[in-house]
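The chain contents come next:
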Amino acid sequence: MADYIEGRRPVLEAMRSGMPLKYILMADNVKRDGLVADLLRKAKNLDVPVRQISKKKLDEISERGSHQGFIAESRPFEYVNGTFLLNAAKDYAEAHEGRALIVVCDHLTDAGNLGAVARSAEAVRASGLVIPNKRAARVTPATYKSSAGAIAHIPVAQVANIPSTLERFKEEGFWVAAASEHSSDVVWKANLKGKIVLVLGNEAEGVSRLALETSDFSVKLPMEGEVSSLNVAQAGTALMYEWLRQNF
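First, a word on what this report is: a plain description of the structure on this page. It should be emphasised that the depicted structure is a prediction, and the values quoted were computed from it without experimental measurement. (Residues numbered from 1 in each chain as written. Predicted model: local features only at pLDDT ≥ 70, side-chain atom pairs only at ≥ 80, totals over all residues. Heavy atoms only, no water.)

## Regarding the overall build of the protein
In terms of helices and strands, the protein carries nine helices and 10 strands. Taking the principal axes of the C-alpha coordinates as reference, the protein spans close to 60 × 45 × 30 Å. Within the protein, buried positions represent 48% of all 248 residues. Considering only contacts within the protein whose residues lie at least 6 apart along the sequence, 81% involve residues at least 24 apart. As displayed, the protein offers around 12900 Å² of accessible surface, 48% of which is attributable to carbon and sulfur atoms. The distance from the centre of the 31 positive side-chain charges to the centre of the 30 negative ones in the protein is 7 Å. (Helix = DSSP H or I, 4+ residues; strand = E, 2+ residues; numbered from the N terminus. Buried < 20%, exposed > 50% of the residue type's maximum accessible area, 1.4 Å probe, protein only. Contact = heavy atoms within 4.5 Å. Areas by Shrake-Rupley, 256 points an atom, 1.4 Å probe, with all protein chains shown as cover. Lys, Arg positive; Asp, Glu negative; His and termini not counted. Charge placed at Lys NZ, Arg CZ, Asp CG, Glu CD.)

In structure tokens form, the structure reads like this:
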């Protein structure tokens, strides 16, 4: 299914964030202004084709009725496989005193959350993300937006089975840490040095039972306030930076 971006500013922001676009459709009655000029200039610089079509046709394509004379179609995101990601992490570890981080997203459902996790993962130089290939968020325009373009700079592997993927990482010398608010261990006291796989759970149910059982240990963040948990992207960011702190 095609991913469409509708509206002048959303299309411009999509290009600024590094989202690869197939083409941009522009209504033939669009009035030129500064924003339109910026959009067309950016498209030309990136070699993104701009095709003029009738407003009626654009209305038919529009899914939300808010195109403002512009609709862009994004190119499919290029996922990698688990082997590619594993080898990249091992190579990184060899070059960085044995440290490497892989972040596994265990059935996140919100593409925006996936992007926020990717932004933090790229910031700490994680070797990549792992997501399931079914019943989970995939990389969409919302992911590019919430990651501020970071998703274009970090490998994302789609896998058929999270627990078996974790087992494989363990066989290759990685320690698997699951983020769970029910853990008895605060992350500050856990050993996150070296090659670590961090498992982040679904927004509603957390890390699945099988993934939790496959993990070597679980960790949690201390919560002093009235709120019992953080958003998965917020919690993931804190945990990733604790990994970086311990390995810095």
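## Observations regarding empty space enclosed by the protein
Empty space left among the atoms is revealed by rolling a probe the size of a water molecule over them. Counting across every chain of the model gives one cavity of 30 Å³ or more. Estimated volume of the largest cavity: approximately 40 Å³. Taken together, L101, A177, V187, L192, I196, L198, V219, L239, M240 and W243 make up the full set of residues lining the largest cavity. Breaking the lining of the largest cavity down by element, the ones donating at least two residues are β9 (195-200) and α9 (232-247). Ranked by residues supplied to the lining of the largest cavity, first place goes to α9 with three residues. Considering only residue class, the lining of the largest cavity consists of 10 nonpolar, no polar and no charged. (1 Å grid on protein atoms, 1.4 Å probe; cavity = no way out; pocket = protein on both sides within 12 Å on 5 of 7 lines; lining within 4 Å. Points joined across faces, edges and corners; volume = space filled by probe spheres on them. Nonpolar A, V, L, I, M, F, W, Y, C, P; charged D, E, K, R; others polar.)

## Focus: the nonpolar core
In terms of nonpolar packing, the biggest core is built from 57 residues, with I24, L101, V103, V117, L129 and I151 touching the most fellow members. Look past the residues within four positions of L129 in its chain and what remains in contact with it is L85, V103, L114, V117, A118, A121, I151, I154, P155, V156 and A157. (Core = buried A, V, L, I, M, F, W, Y, C linked by side-chain atoms within 4.5 Å.)

## Quick notes on the environment of S146
By the element assignment, S146 lies in helix α6 (residues 141-146). Once the C-alpha coordinates of S146 and D59 are considered, the two residues, 87 residues apart in sequence, prove to be 27 Å apart. In this view, S146 contacts A111, G112, G115, A116 and R119; residues no more than four positions away in its chain are not counted. From its side chain, S146 meets the backbone oxygen of T143 in a polar contact 3.4 Å long. (Polar contact = N/O pair within 3.5 Å; in protein donor to acceptor, adjacent residues only side chain to side chain.)

## Section: the sheet that holds strand β3 (residues 50-53)
Pairing is mixed in the open sheet, where four strands are placed in the order β1-β4-β2-β3. Bordering the open sheet on either side are β1 (4-6) and β3, each of which pairs with just one other strand. Adjacent strand axes in the sheet meet at a mean angle of 25° when their direction is disregarded. (Pairing = 2+ DSSP bridges. Axes fitted to C-alpha atoms, helices over the stretch in contact; angles between N-to-C directions.)

## Here's the deal with α9
For α9, built from 16 residues, the straight-helix expectation of 22 Å at 1.5 Å per residue is met to within 8% by its first-to-last C-alpha distance of 22 Å. Turning to α9, its buried residues number three or more, namely V232, A233, A235, G236, L239, M240, E242, W243, L244, Q246 and N247. Those residues of α9 that are buried lie in contact with β5 (100-105), α5 (111-123), β8 (175-179), β9 and β10 (217-219). One side-chain oxygen at the N-terminal end of α9 lies 2.7 Å from the backbone nitrogen of A233; it belongs to N231. (Expected span 1.5 Å × (residues − 1).)

## Observations concerning the side chain of N113
Considering the arrangement of structural elements, one finds N113 in helix α5. A polar contact is formed between the side chain of N113 and the side chain of E203, at a distance of 3.1 Å. At a separation of 3.3 Å, a polar atom in the side chain of N113 contacts the side chain of N231. The contact partners of N113, leaving out residues within four places of it in the chain, are L108, E203, N231, V232 and A233.

## Remarks on the packing of helix α1 (residues 8-16) against helix α2 (residues 34-45)
Running from N to C, α1 and α2 cross one another at 35°; their axes reach a closest spacing of 10 Å. Between α1 and α2 lies a crossing of left-handed hand. In this structure, α1 uses R8, R9, V11, L12, M15 and R16 to contact α2, whose residues at the interface are L35, V36, D38, L39, K42 and A43. Partitioned by chemical class, the residues of the contact of α1 with α2 number seven nonpolar, no polar and five charged. (Left-handed = near helix turned anticlockwise from the far one by under 90°.)

## Description of the packing of aromatic side chains
Tallied over the entire structure, the rule returns two aromatic pairs. Plain terms: the ring middles of F169 and F174 are 6.2 Å apart, the flat faces sit at 50° to each other, and that makes the pair tilted. Owing to a relative accessible area of 2%, F169 belongs among the buried residues under this scheme. Lying over the aromatic face of Y23, R51 brings its terminal NZ or CZ to 4.3 Å of the ring centre. For K195, the ring lying beneath its charged end belongs to F174, and the centroid distance is 5.2 Å. (Phe/Tyr/Trp six-rings, centres within 6.5 Å; stacked < 30°, edge-to-face > 60°. Lys NZ or Arg CZ within 6 Å of the ring centre and 35° of its normal.)

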